[in-house]
Amino acid sequence: MAGEAVPEPVKWLGRVSKELVEAFMGLRASAQKPVRLSRREKRLALTAAYASVGCVKCLVGCLKEGMREGISLEELLEAASLSVLVRGAEGVMTVNEALKLLNT
């Protein structure tokens, strides 16, 4: 968890066990660490995945993190647009809701 803020939706796990939070944050950090894909490529893949599964708040967080990492909103939205191939209109609605929450 080295300095990384615990995402709001994960904080409740701390009420059960500090170890659960640490395990989740460790998994999150390991999964995002560059191996064969760069951190940027992984962020773009996560953007498409969150849009595809319909997790609006996850998508908003991913968009914010991506922009902090120097990825343009346009590039992130292009990745998110792949959700249309997976979920059709539902993907469009998920991205639209995320943009409203992102305040753009």
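Residues numbered from 1 in each chain as written. Predicted model: local features only at pLDDT ≥ 70, side-chain atom pairs only at ≥ 80, totals over all residues. Heavy atoms only, no water.

Draft legend 1. The arrangement of the packing of helix 3 (residues 39–53) against helix 4 (residues 56–68) in detail. Between helix 3 and helix 4, the least distance of the axes is 9 Å, while the angle of their chain directions is 160 degrees. The angle between the axes of helix 3 and helix 4 places the two elements in the roughly antiparallel class. The hand of the helix 3/helix 4 crossing is left-handed. Of the residues in helix 4, those in contact with Arg 43, Leu 46, Thr 47, Tyr 50 and Ala 51 of helix 3 are Cys 58, Leu 59, Cys 62, Leu 63, Glu 65 and Gly 66. Classifying every residue of the contact of helix 3 with helix 4 by side-chain character gives seven nonpolar, two polar and two charged. (Axes fitted to C-alpha atoms, helices over the stretch in contact; angles between N-to-C directions. Helix = DSSP H or I, 4+ residues; strand = E, 2+ residues; numbered from the N terminus. Parallel < 35°, antiparallel > 145°, perpendicular 65-115°, else oblique. Left-handed = near helix turned anticlockwise from the far one by under 90°. Contact = heavy atoms within 4.5 Å. Nonpolar A, V, L, I, M, F, W, Y, C, P; charged D, E, K, R; others polar.)

Draft legend 2. Region of interest: the nonpolar core. In this structure, Leu 59, Leu 63, Val 95, Ala 98 and Leu 102 are the most contacted members of the largest nonpolar core, which totals 15 residues. At the level of elements, helix 3, helix 4, helix 5 (73–80) and helix 7 (89–102) are the ones that each hand at least two residues to this core. In this structure, Val 95 is in contact with Ala 51, Leu 59, Leu 77, Ala 80 and Ser 83, ignoring residues within four places of it in sequence. (Core = buried A, V, L, I, M, F, W, Y, C linked by side-chain atoms within 4.5 Å. Buried < 20%, exposed > 50% of the residue type's maximum accessible area, 1.4 Å probe, protein only.)

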